[in-house]
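Letter by letter, the chains look like this.
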Amino acid sequence: VAVDPWQVFFNRATLYETPHMILAAYMVVGFMVASVYAAGILKGHRDRYHRLGFGIPFTLAAILTPIQIFVGDTAARAIASQQPVKFAAIEYVTRTGRDVPEYLGGFYVNGKVYFGLRIPYADSLLVGFKPSTRVTGLNSVAAADRPPALTLIHLSFDAMVGLAFLLLLAGLWALLMWRRRHGLPRQSWFWWLAVLCGPAALVAMECGWIVTEVGRQPWVVYQLMTTSAAATTNGGVIDSLTAVIVLYAVLAVATVLILRMLARRWRRGSPAEPETGVPYGPPAEHREPTGREPT
Amino acid sequence: VIVDVVAGILLAGLTLYAALGGADFGGGLWDLLAGGDQRGRAPRQLIDDTITPVWEANHVWLIFVLVIFWTAFPPAFAAVMTAAALPLWLAAFGIVLRGAGFAFRKEVETLHWQRLFGATFAFSSLIVPFFMGTVIGAIASGRVPANPAHTDLAVWTGPTSLLIGALVVAVCAYLAAVYLTQEASRRADHRLRRYFAWRAAIAGTISGALSLTTLLEIHSSNPALFHGLTHRALPLVILAAACGLAVVVLLATGRSQGLRALSVLGVAAVVFGWGIAQYPVLLPGTGLTLTTASAPHSVLVTLVVVFVAAVLLVVPSFLLLFSLHGHQLLEEEKRAAQEAEKG
């Protein structure tokens, strides 16, 4: 195989995938931080600290949302031409053809879509801006070369796009209220939505990763190496995965407990004096014996 | 030729990881052995002060070594990762728990939680270098096959592996004690200087004894490597021994100047001595040499380019970090922040 390592940075997908993920990262952080302060505002803390804590990250993330939708749409069109089978899995395109409909939701079982909202011509329109656009279907490759779990891929894609529009709506409403009253929205439904925006952005990003990673199966290196050929021959993959999940679950619980403890300490107003004579303790400055307190 | 350059970069990364990350593990070991809460307070304080600003940076070198290894020599990397999966997993768990324990123990208030997280940190500091050492032993004794299908206990539990595991732990303790001696001496804390000088001398002696035992064991487990160590790489082996002896003499005579440099030079001599002794073999006992196991030429060229760029970016930052740390500017900031908090 002729290897050109620089193609990692300079391939066709870099142009849309890299901004897609960078924007996603800023959106997740922005909406997540804003959602913490939105919860505070819902509890009645409408002081300057909470307003700024909400306003700055939310504004940044809300401005990026329409840009992200545009980048994502461009990415989908590029995938339709560069990785047509992945695109076919995302959009439930069973057979190559023209006048391809778009499905919203729905389950894919044995080549048929159940309970999906079918919009005629919409997929062809999205790919090539006219109903007669030809879209490559799953039948263009052998069954072994198609990704598994089509329902998971399609519903993850729909969830990602749907949540992006929910985030867009939240941003537009805040903009409208700002234009009208030069202030933050007062409606309590907006603040509930703002609290949801953080988790929603995170779920949307994870759904995007499911689409791109499950959607490219069975390839780990597109059309060069399958995932099963690259996988370790060692047994115990489930065991090590379980161990990693358990370890990180324990660490996550510990992190949350410690953050809550820090918050309690902060609320008490002063850093507490830790117990003296601790074998694994914080610096000794905190642990001067009583009577020798620095004045 | 370029493959030799990349192998040299790999060995340099390994040396840096041993000298910086190793001392970091060693700090945890001395924390573990510092005794009860009253007796161990002063040394733990010095260890904590010394490690805190740089401990994350020190472990960058592990990532560096792994990335170079898998990019430049993929078949050998796959063989090692497959055959020695278990000790590598245990080391990885230890690394994660060590960082978490170190960070968390500063934040919790009650005694038993500080004990739990502190013990997690200190115990991980013991097991991580040990398991990494067993993997090095597995490679050096030729127990990693070229195309292993499964992980195998026999690969990393041979006498060479166990000896090198113990040796790596001892060297980590030795390096940390040497650095802490110099640090205590810089702070004019003579009690702590004696405390760590004594421990550095003990750890250095144990390291020396383990090195000799390992060398004898390699005589039977990998005669080719033994031949390399006693012929082509002999000057480096002698240099390593001389550095170790010089450090012990300096410690005994109460001098601190040049301790750190000598100890690092000794470790570098061991790492490069190993590389030169088995050159050009990559995995002893298999057909994998630097040439047969190497990635395509274009990848090696890219690696060298990226390495040069990384050095230009990273070295100034590291020098700044160590110089700020050396002049205690980082601690000053911390103290100022604490004063502000109290005030």
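The written sequence of each chain sets the order in which its residues are numbered from 1. Each chain is given a letter, starting from A, and each ligand a number, starting from 1, according to the order in which they appear as written. Residue-level local features of this predicted model are given only where pLDDT is at least 70; pairs of side-chain atoms are given and counted only at 80 or more, and the full residue set underlies all totals for whole chains, interfaces and linings. Hydrogens and water molecules were not included; the side-chain quantities draw on all heavy atoms of the structure.

## Side note on the overall build of chain A
Note on conventions: DSSP H or I runs of at least 4 residues are helices, E runs of at least 2 residues are strands, and numbering of each starts at the N terminus. Check the secondary structure of chain A and you find eight helices and six strands. Beginning at the N terminus, the succession of helices and strands in chain A can be written as α-α-α-β-β-β-β-α-α-α-β-β-α-α. Taking 295 residues into account, the globule formula puts the C-alpha radius of gyration at 19 Å, and chain A, at 25 Å, lies well above it. By principal-axis analysis of the C-alpha atoms, chain A measures approximately 85 × 60 × 40 Å. Areas reported here follow the Shrake-Rupley algorithm with a probe of radius 1.4 Å; residue values treat only the protein chains shown as occluding. Surface accessibility of chain A: about 17,500 Å² in total, with carbon and sulfur atoms responsible for 67%. Counted as positive: Lys and Arg. Counted as negative: Asp and Glu. His and the chain ends are not counted at all. By convention, the charge on Lys lies at NZ, on Arg at CZ, on Asp at CG and on Glu at CD. On chain A, the mean spot of the 26 positive side-chain charges and the mean spot of the 18 negative ones are 10 Å from each other. Our radius of gyration is a C-alpha quantity, and the globule rule it is checked against amounts to 2.2 Å times the number of residues to the power 0.38.

## What to know about the overall build of chain B
Tallying secondary structure elements over chain B gives 15 helices and zero strands in all. Over its C-alpha trace chain B gives a radius of gyration of 20 Å, about what one expects of a compact globule, namely 20 Å for 343 residues. Seen along its three principal axes, the alpha-carbon backbone of chain B occupies a region of about 65 × 40 × 40 Å. Throughout, a contact is declared for two residues whenever any of their heavy atoms are within 4.5 Å. If you take every contact in chain B between residues at least 6 apart in sequence, the share linking residues at least 24 apart comes to 78%. If you sum the accessible surface of chain B, you get close to 15,100 Å²; carbon and sulfur atoms cover 74% of it. Between the averaged position of the 20 positive side-chain charges in chain B and that of its 18 negative side-chain charges there is a distance of 8 Å.

## So, helix H6 (residues 85-105) of chain B
Residues spaced three or four apart along an α-helix point in a common direction, a consequence of the helix completing one turn every 3.6 residues. When the terminal C-alpha atoms of H6(B) are compared, their 30 Å separation across 21 residues agrees well with the 30 Å that a helix rising 1.5 Å per residue should span. Under the scheme applied here, a residue whose accessible area is under 20% of the maximum for its type counts as buried, over 50% as exposed, and between as partly exposed, the area being computed with a 1.4 Å probe on protein chains only. Here H6(B) has its buried residues at Ala85(B), Pro87(B), Ala91(B), Gly94(B), Arg98(B), Gly99(B), Ala100(B), Gly101(B), Phe102(B), Phe104(B) and Arg105(B). The span you would expect from a helix comes to 1.5 Å times its residue count less one.

## Notes on the pattern of salt bridges
Pairs may arise between side chains of opposite charge once their charged atoms sit close together. Residues and elements named next belong to chain B. Salt-bridge detection follows one rule: a side-chain nitrogen of Lys or Arg within 4 Å of a carboxyl oxygen of Asp or Glu. Scanning the model with the defined rule gives nine salt bridges over all chains in all. Arg187 is paired through a salt bridge with Asp49; the nearest N and O atoms lie 3.3 Å apart. In this pair, Arg187 sits in the loop between helix H9 (159-186) and helix H10 (190-221) while Asp49 sits in helix H2 (residues 41-51), placing the two residues 138 residues apart along the sequence. Looking at Arg187, the relative accessible area reads 27%, which means it is partly exposed. One salt-bridge network, in which partners are shared between bridges, spans Asp31, Arg44, Asp48 and Arg105.

## Structural notes on the packing of H2(B) against H10(B)
What describes two packed helices is the angle between their axes and the distance between those same axes. Residue and element names in this part refer to chain B. Remark: H2 packs on H10, axes separated minimally by 11 Å, with the N-to-C direction vectors making an angle of 85 degrees. The angle between H2 and H10 falls in the class roughly perpendicular. Residues Ala42, Pro43, Leu46 and Ile47 of H2 touch H10, and the partners they reach there are Arg191, Leu192, Tyr195 and Phe196. Axis lines are fitted to C-alpha atoms, over the contacting stretch for helices. Their N-to-C directions set the angle, which ranges from 0 to 180 degrees. In these notes the angle categories are as follows: under 35 degrees is roughly parallel, over 145 is roughly antiparallel, 65 to 115 is roughly perpendicular, and the rest is oblique.

## Topic: the environment of Ala268(B)
Residue and element names in this part refer to chain B. Along the chain, Ala268 falls in helix H13 (residues 259-278). Residues Ala268 and Arg44, spaced 224 residues apart in sequence, show a C-alpha to C-alpha distance of 28 Å. Not counting residues within four places of it along the chain, the set of residues in contact with Ala268 comprises Thr15 and Gly273.

## Observations concerning a positive patch on the surface
Residues and elements named next belong to chain A. Each patch is built from residues lacking any salt bridge and having more than 30% relative accessible area; the joining distance is 9 Å for like charges and 5 Å for nonpolar side chains (Val, Leu, Ile, Met, Phe, Trp, Tyr). A cluster of basic side chains, namely Arg46, Arg48, Arg51, Arg180, Arg181 and Arg186, defines a positive patch on the protein surface. Contributing elements (two or more residues each) for the positive patch: helix H2 (48-82) and helix H5 (150-181). Relative to the elements of secondary structure, Arg181 occurs in helix H5.

## Re a nonpolar patch on the surface
Where nonpolar side chains cluster on the molecular surface, the patch consists of Trp6(A), Val8(A), Phe9(A), Phe10(A), Val301(B), Val305(B) and Val306(B) and spans about 660 Å² of accessible area. Residue position: Phe10(A) is located in the segment before helix H1 (14-42). Residue Phe10(A) is classed as exposed on the basis of its relative accessible area, which comes to 60%.

## Quick word on unusual backbone geometry
Of the consecutive residues Gln217(A) and Pro218(A), the connecting peptide bond is found in the cis state with omega at 5 degrees. Along the chain, the position of Pro218(A) falls in the loop between helix H6 (188-215) and strand S5 (219-221). In the segment running from Tyr279(B) into Pro280(B), the intervening peptide bond is cis, with an omega of 0 degrees. Along the chain, Pro280(B) turns up in the loop between H13 and helix H14 (297-326). Phi is positive for Tyr92(A), close to 55 degrees, though the residue is something other than glycine. Relative to the helices and strands, Tyr92(A) is located in the loop between helix H3 (84-91) and strand S1 (102-104). If you check the backbone angles, Tyr121(A) has positive phi at about 65 degrees while not being a glycine. Structurally, the position occupied by Tyr121(A) is in the loop between strand S4 (117-119) and helix H4 (122-128). The exposure class assigned to Tyr121(A) is partly exposed, which follows from its relative accessible area of 41%.

## Describing helix H11 (residues 223-230) of chain B
Residue and element names in this part refer to chain B. Among the residues of H11, Leu225, Phe226, Gly228 and Leu229 are the ones counted as buried. For H11, the angular spread of the buried residues around the axis is 160 degrees, confining them to a single face. Looking at the buried residues of H11, the elements they touch are helix H7 (111-140), H10, helix H12 (234-252) and H13. Note: the arc covers the axis-to-C-beta directions of the helix.

## Thoughts on the state of the cysteines
Disulfide: a pair of cysteine sulfur atoms within 2.5 Å of each other. Applying the stated criterion to the full structure yields zero disulfides over all chains. Here Cys197(A) stays unpaired: no disulfide links it, and the sulfur of Cys207(A), its closest cysteine neighbor, is 15 Å away.

## Some points on the confidence of the model for chain A
For chain A, per-residue confidence averages 85 on the pLDDT scale, and residues scoring 70 or more make up 91% of the total. Considering only residues more than four positions removed or in separate chains, one finds that residues 272-295 of chain A, a stretch of pLDDT under 50, has 48 contacts. Every residue carries a pLDDT, the predictor's confidence in it, which falls somewhere between 0 and 100.

## Section: the packing of aromatic side chains
Residue and element names in this part refer to chain A. Whether two aromatic rings pair depends on their centres lying within 6.5 Å, for rings of Phe, Tyr and Trp, where Trp uses its six-membered ring; planes under 30 degrees apart make the pair stacked, over 60 edge-to-face, and the rest tilted. All chains considered together, the criterion is met by 27 aromatic pairs over all chains. Centre to centre, the rings of Phe54 and Phe58 are 4.7 Å apart; their planes meet at 25 degrees, and the pair counts as stacked. Taken together, the positions of Phe54 and Phe58, both in helix H2 and four residues apart, correspond to about one turn of that helix. We note that Phe54, like Phe58, is buried.

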